[in-house]
Amino acid sequence: MKKLLVFLILTIFVLINSKGETYQKFAENFNFVLFFNRDKGEIEILDKKSNKIFKQFPDDWEDDFSKGIMKFSIPSQLVLEMVNDEGTVTIYNTYVMGISRGNYQIKKINDGLRIDYDFPTQNMKISIEFILNSSGITVRIPINSIKEPDNLKLNKIWLLPYFLSANKNDDGYLVVPDGSGAIVRFRESYGIERGFELPIYGYDYGLPFYDMKPKIEGIRLPIFGIKRNDTAILGIIKSGDCSANISVYIAGNATGYFRIYPTFTYRNIHKFLLYERESSTGQAGEVVDVLVNKISPYSLNRDIIVDYYFLVGEKANYSEMAKIYRNYLINNGIIKKRIKDNDYPFNLSLIGGIKTKSTFLGIPAIRFTALTTFDQSVEILKRLKEKGIKKINLIYKGYQKGGYLSKITNGINLEDKLGGEEGFRKLLNYCKENNIEFILNAEVIEIHERGNGFSFERDANRYLNNGLAFLYKWDPVTKKKNRDYDPWVNVLPSKVPYYLKNFIKDAKKYGIKGIGIENMGDYIYSQNKKPNLLSREDVANIWNETLNEIVKNYNIVFTHGNYYVLPFSSLILDFPLDCSNFGIESESIPFYPIVIHGYIPYSGKPGNLRENYKREFLRMVEYGALPFYTLIYEDSSYFRKSIYNEMLSSCYRDWIDKALEEYKKVEVLYKITYDSPIKSHEKIMKGVYRTLYENGIEVIVNYNYKPIIYKGIIIEGESFKFFKG
Amino acid sequence: MKKVILITVLIINLLTLTLAGVSYYTYIYNERRRPVPSLPGFEPEEIITSENIGLNKPLSSPKDIFIDKKGNIYIADTGNNRIVILDSEYRIKNIIVSFNNNGKIDSFNSPTGLFVTDDGKIYIADSENGRIVILYPDGRLFRIIGKPVGDIIKKDFVYKPLKVAVDKLGRIYVVADNVVEGIIQFSVEGKFERFFGSNRVEVNPIELFWKRILTRRQRQQLALFIPIEYRNIATDKDGFIYGCVRAWNNQVKRLNALGDNIIKQEGRTGNVYGDLYFGFTVRGEIVDIALDESDNLYVLDGRVGRIFVYNTLGDFLFVIGDIGNQKGQFLYPNAISVYKNKIYVLDETKTTITIFKPTYFGELVLKANAFYVQGNYGKAGEIWKEVIKLDTNYDLAYIGLGKNYLHNEDYLNAMKSFKLGFYPQGYSKALRGYRIEYMRKNFSKIMNFFLLTIISVYIVLKLKGKNLRRKFLEYLERSEILKTVLYAFYIMFHPFEGFYELKKKPMAFYASFIHLFFITIISLMSRFLTGFHFNPYRPEEINILSDIVLKILSPIFAWVIINWAITTIMEGKAKMHEIFITTIYALVPSTILTILSIILSHILTYDEIAFYSMIGTIGSIWSVSLLIIGMMIIQDYTFTKTLGTSLLTIGGILFVMFIGMVFFATFQQFIRFLYTCYLEIKYMIS
């Protein structure tokens, strides 16, 4: 009897403790073990050194308040948004349709496992692979494993939506790649706020849209992360990033968990406006847009690959995550050290001229107005040099016939009113002799006027319905198109290299070594002009090839810094130094600055266009950005009558003293931090932040009005101080 | 037994924001009522949520906030039937759930309005209980004011007080649901006094007569007012009552003791508060207003989610905020309050309070504005200069600078500033000053110039006069066309003979085209070269071609053709080309006087507008007379018949225009229909 009892107890003990039964081991390496639980359909990774476990979804999901589709998305590996011809969306998830009904097959593969889902009723197939590597796992959806049903098309795929999740009791935050970076703390309260889903690398202008987009910084890097108690996960999208959105939600938005995950668009839906009609609410004057949905004939044509990195203990914070990403970029040759010494530059952009509405003998006309001639540019540079600015990067725009924002720069066609050939050469010589890097701006993405070898009909991008893909100014009052101004177009992505190469040819003639390409680093768009349809991935490849050629002999300057321009950037302007300040974002973090500081130099938006001068200056110092101004010689009021009336202030006489003051203020600090990467960043207390560099320099920035004391030193309100070692 | 719950929270974990840039688009309206980009005047500083102030029960549909003199924040937590009070450090000071009403414990039912007087008494609009509850600062009951009673109040009136305000004398003003007679005014003791702030109508004799005859009951029901429904009320630092109403314009009122609207609307946006236009999906609704220490007006639109700031003269200063899920954006903002220089906005749906503070730019504008509205243009001018440096689109700064220059008698600079800021009234004043100054400075030079001209012309005429005259006449003899063209001058003064002779002149038709050319040129010149203050326009807005076709050529040809049609029926003897010639020649005096107008417009000012218009009127009358006389001659009509056919012609033109518009509209619809069909087919096939 006793023996039986002991035997029973032992069996039960073994059963309870054996992971082997329910959790099956599929791979193991030096650092991790990969398990899969057949009953739950859950992946689990064990970190051998710390004994921490990373689970695919929260254990207590069944007790969550959510219901229906939202609830079952929690344990699903994939959630699929299907769409029919009318645009009605149906949601499939792999938990209900796959795991619980047994509609899946598991295969062991090298270093991991593969799950093939086959939904016979829906006639839908998709597979997912989990592969263990030295720093975590790689998740891959082989694109040829996707088979769509006959009557429904696959629009979006949510990948592991609750792998990076937490609840209100957890300590930590989500890391969102919004602008410079942002965190969503779990222990903070937000009132009743909504989450968001934003596209990586900007909205696709190859698809029509009818409402003004919100004012956001945009997602520049294909990463996302979480810090939960003492572990952290960093996700890096290696393939499929051009077709991905990042989704971020807080506990209370449909479920009780904070979560962040990528959403891949397999097949786009293009919406075309048929007409506007009275809305069914009966409210007088209310009108809705009646749209026709067209499902894209082409789909994502490469595998979806996401790497997940696991961090534990002291390494579980956003500074370490940024450093891991930096190492990843260095090891893959994406970024190189472009900063060779401590000679930090002052970035200056000058605009030659622009078309303005004026009168000629009483008759209204739109004419070119010179804002900064070549000689005047030399004058401004002289002033800066005299006042002690040692190194300057000069980005010159609006030099071509017609000025800024007019014709394409298919070569260099100098505007005579600015001084013509002679004046231009004088300017180039002055720069060469005075340690000023001259960078000439190429406008080959957004074009306002035909001419110079560019025709709207032949060379501009179109929508799927063959209409020209126009770009508009927007009316902030109604959030609709502002018809006071003429629309303009994007160049066909496949033709951009052609115009760029012609530009380079002419640049070579003048001996110009630096070029700037407008818009390319800000967004990427699909080509929908038949018969040559290109997805954003294809476009990124095409541009990549051309840039690879150009970067061998030229320094290229981009704006905004989308990931795909990083390998070719010598300088990034309009770099994000803030997040979009969504209600759920607790604060902005310098994720992107930590990644590239010391390697690639960057500046935020021009100092003369700041919305809050002092604050944004402090942010510039906190995030290690260079001073940057966009100026003209003439009075600022000329821009009022041009299409570029967002230029609220640009006259150099109004700004030169402030610019110099700024340069002086950061001179000592930047001399010692310019070529050093950032080691860590943290919030010390309300309104006070600390940036620590690899070489030991600490920068404390105090945003409060009142002074604070740090390490025995007083730091005045709205100012900064730095400490050595 | 009063029940007051006191919770002390030790750790405040407010969402203090360290933003670099704002999440909403900011703009101002230019003189064409279109938005242009502008720097933000305020940015979000803090966001208060139920959790981060430590409320155990979160706020539910809060409908009002009020900040008292010391900075304490009072929140009407409507859904929870209580009042939450925070101190100026955002810590919970008090939560009032109930109060002692004559020994019984009484509580609120949907408290939607709040007001706190200087002595700390709290006035609560207890809407579903139909009363105003007044509490002492410590929560004891002071008084309850119930439903208003009076002759004018209907017996079956359902009293639902939504908002409450108190003036410096202690009189109580209530905005009640479904009341169109205005704001309900109570005396200090709580007795109903009258309806306040409704548009009073002058009683006319007929109404007085009816009043005598009708019974008392019928009299009561006579409407003696224009219906007006108030949405919310507020007071300024002097205790004046401000109200906002549901309307498309004049939405905000500043009421004096009589209840008349005395708000100043001297700004560019005139009597429209909020956005000047809307798209199709959202229409604005002003839900609350607030005033600061300088009497600047803050207007909250709950549907577009924006706060509009105006100065005490009615000038548009800033707009901030938006609908959305970023910081500084709302889902449904329903109450606004201003304390020191910060704006507090309550969002009913998000259950949060967003606190805005001025940006550096906003501070500059507010400082300059404070001097400006007092008339201290000098100090304001120095700061306006800084404002322009930061934001070149900010027209008010140019106007402020212009007024400063004007005050300092620097007329040329004043004119330049007023032109940039697009302020014709100021430009006119500056021009007047400039003119006087110019005259004064150069008086001798001008006089000398005139004398010299007169003397030299006299000498030339005396010596060579006859010679020149002879040569000119000879030339005239040779050129028939020139003679015919110049004949117009003869016709101007001798119409009867003139037109008669004109019929016989062979070159008349071609000469008319030459005249038409000059008429067109001079009309265009009048459009572009007239002085700025008489003809304010932005040159880039004009389209020459459409001006020529629509404003000059079309009327002339319309008149000629239709007149011909009518007079042919009415037995007129003239052919179409004769009508054409006559019409053109009749226009000559008006055109010549237009030249004079153009010149004068650069010398005269607004005050002399009568004189300026007179020139135009003389020209018109002259031309019309010539036209009538001419018609009489060529058609061989009597005077009355000419008048008659002319009126018929005008009627005919209007008729043609009407038919044209109807046709055009129908045609447009038809084209639209075809296009929609085409689109549908296109999408179905491809």
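Residues numbered from 1 in each chain as written. Chains lettered and ligands numbered in written order. Predicted model: local features only at pLDDT ≥ 70, side-chain atom pairs only at ≥ 80, totals over all residues. Heavy atoms only, no water.

1. Regarding the environment of Asp64 of chain A
All names here are of chain A. Checked against the element boundaries, Asp64 lands in the loop between β4 (52-55) and α3 (68-73). Separated by ten residues in the primary sequence, Asp64 and Ile74 place their C-alpha atoms 9.8 Å from one another. Leaving out residues up to four positions away in the same chain, Asp64 has contacts with Lys71, Ile74, Thr255, Gly256 and Tyr257. A polar contact is formed between the side chain of Asp64 and the backbone nitrogen of Gly256, at a distance of 3.1 Å. (Helix = DSSP H or I, 4+ residues; strand = E, 2+ residues; numbered from the N terminus. Contact = heavy atoms within 4.5 Å. Polar contact = N/O pair within 3.5 Å; in protein donor to acceptor, adjacent residues only side chain to side chain.)

2. Here we look at the packing of helix α10 (residues 495-504) of chain B against helix α14 (residues 609-635) of chain B
Residues and elements named next belong to chain B. Between α10 and α14, the shortest axis-to-axis distance is 9 Å and the interhelical angle comes to 50 degrees. By the angle class used here, α10 and α14 are oblique. Judged by the twist between their axes, the crossing of α10 over α14 is right-handed. Where α10 approaches α14, its residues Pro495, Phe496, Phe499, Tyr500 and Lys503 are matched on the opposing element by Leu626, Ile629, Gly630, Ile633 and Ile634. Its residues assigned to classes, the contact of α10 with α14 comprises eight nonpolar, one polar and one charged. (Axes fitted to C-alpha atoms, helices over the stretch in contact; angles between N-to-C directions. Parallel < 35°, antiparallel > 145°, perpendicular 65-115°, else oblique. Left-handed = near helix turned anticlockwise from the far one by under 90°. Nonpolar A, V, L, I, M, F, W, Y, C, P; charged D, E, K, R; others polar.)

3. Focus: empty space enclosed by the protein
If a probe the size of a water molecule is rolled over the atoms, the empty space left behind becomes visible. Following the criterion strictly, the structure yields eight cavities of 30 Å³ or more and no others. Of the volumes computed, that of the largest cavity is approximately 100 Å³. Lining the largest cavity are 15 residues, with Ser586, Glu587, Ser588 and Tyr689 of chain A together with Thr18 of chain B sitting closest to its centre. At the level of elements, β36 (587-588) and α12 (613-622) of chain A are the ones that each hand at least two residues to the lining of the largest cavity. (1 Å grid on protein atoms, 1.4 Å probe; cavity = no way out; pocket = protein on both sides within 12 Å on 5 of 7 lines; lining within 4 Å. Points joined across faces, edges and corners; volume = space filled by probe spheres on them.)

4. A closer look at the interface of chain A and chain B
Taken together, the 66 residues of chain A in the interface contact 67 residues of chain B. When chain A packs against chain B, the two sides together hide about 6,100 Å² of surface, and 53% of this comes from carbon and sulfur. The largest share of the area that chain A buries against chain B comes from Val477, Arg640 and Leu648 of chain A, three residues that together contribute 13% of it. Our count for the contact surface shared by chain A and chain B stands at six salt bridges. If you look at where chain A meets chain B, you find 25 residue pairs in polar contact (both at pLDDT 80 or more). Within the residue set of the side of chain A that touches chain B, elements represented by two or more residues are β20 (269-278), β21 (287-295), β24 (353-360), β25 (363-370), α12 and α13 (652-673) of chain A. Its residues placed into classes, the side of chain A that touches chain B shows 23 nonpolar, 19 polar and 24 charged. (Buried area = accessible area lost by both parts, 1.4 Å probe. Salt bridge = Lys/Arg side-chain N within 4 Å of Asp/Glu carboxyl O.)

5. Side note on the packing of helix α9 (residues 480-493) of chain B against helix α13 (residues 576-601) of chain B
A pair of packed helices is captured by two measures, namely the crossing angle of their axes and the spacing between those axes. Residues and elements named next belong to chain B. Contact geometry of α9 with α13 gives a least axis separation of 9 Å together with a crossing angle of 80 degrees. On the basis of their axis angle, the class for α9 and α13 is roughly perpendicular. Residues Thr484, Val485, Ala488, Phe489, Ile491 and Met492 of α9 lie in contact with α13, whose contacting residues are Tyr585, Val588, Pro589 and Ile592. A per-class count over the contact of α9 with α13 returns nine nonpolar, one polar and no charged.

6. Examining the packing of aromatic side chains
Residues and elements named next belong to chain A. For the coordinates displayed, the defined rule picks out 81 aromatic pairs over all chains. Pairing Tyr201 with Tyr564 gives two aromatic rings, centres 5.1 Å apart and planes at 90 degrees, and the pair type is edge-to-face. Within this pair, whereas Tyr201 is found in the loop between β15 (196-199) and β16 (223-228), its partner Tyr564 is found in the loop between β34 (555-559) and β35 (569-573), the two being separated by 363 residues in sequence. Tyr564 matches Tyr201 in its accessibility class, with the two residues each being buried. An aromatic cluster of three or more residues is present, and its members are Tyr344, Phe346, Tyr613, Tyr629, Trp655, Tyr663, Tyr670 and Tyr674. Over the ring of Tyr613 we find Arg610; its NZ or CZ atom is 4.9 Å from the centre of that ring. (Phe/Tyr/Trp six-rings, centres within 6.5 Å; stacked < 30°, edge-to-face > 60°. Buried < 20%, exposed > 50% of the residue type's maximum accessible area, 1.4 Å probe, protein only. Lys NZ or Arg CZ within 6 Å of the ring centre and 35° of its normal.)

7. Concerning the pairing of strand β3 (residues 42-47) of chain A
All names here are of chain A. Judged by how many residues are buried, β3 sits mostly within the fold: six of six residues are covered. Relative to β3, strand β2 (residues 32-37) runs antiparallel, the two being bridged by six bridges. Considered in β3, the bridge of Leu34 is made with Ile45. Both β3 and β4 contribute to a ladder of four bridges, which runs antiparallel. Residue pairing across strands places Leu46 opposite Ile53, the latter belonging to β4. (Pairing = 2+ DSSP bridges.)

8. As for unusual backbone geometry
Residue and element names in this part refer to chain A. Across the junction of Lys530 and Pro531, the peptide omega takes the value 5 degrees, indicating a cis bond. Its identity is not glycine, yet Asn581 carries a phi of approximately 55 degrees, on the positive side. Relative to the assigned elements, Asn581 resides in the loop between β35 and β36. Take Asn581: its relative accessible area is 6%, and that puts it in the buried class. Positive phi, close to 50 degrees, is recorded for Glu718, a residue that is not glycine. By secondary structure assignment, the location of Glu718 is in the loop between β42 (713-715) and β43 (719-723).

9. Notes on the sheet that holds strand β26 (residues 392-397) of chain A
Residues and elements named next belong to chain A. Here we have seven strands laid out as an open sheet, ordered β35-β34-β33-β27-β26-β23-β37, and parallel in their pairing. In this open sheet, the two strands that pair with only one neighbour each are β35 and β37 (628-631). Strand-to-strand twist in this sheet, taken as the mean axis angle between neighbours without regard to direction, amounts to 25 degrees. Here strand β27 (residues 436-442) runs beside strand β33 (residues 514-517); their pairing, made up of four bridges, is parallel. What sits directly across from Leu440, in β33, is Ile515. Packing of helix α9 (residues 496-510) onto the sheet brings it into contact with β27 and β33, and relative to β27 it is tilted by some 145 degrees.

Honestly, that's just the spatial picture; any functional story needs more than this.
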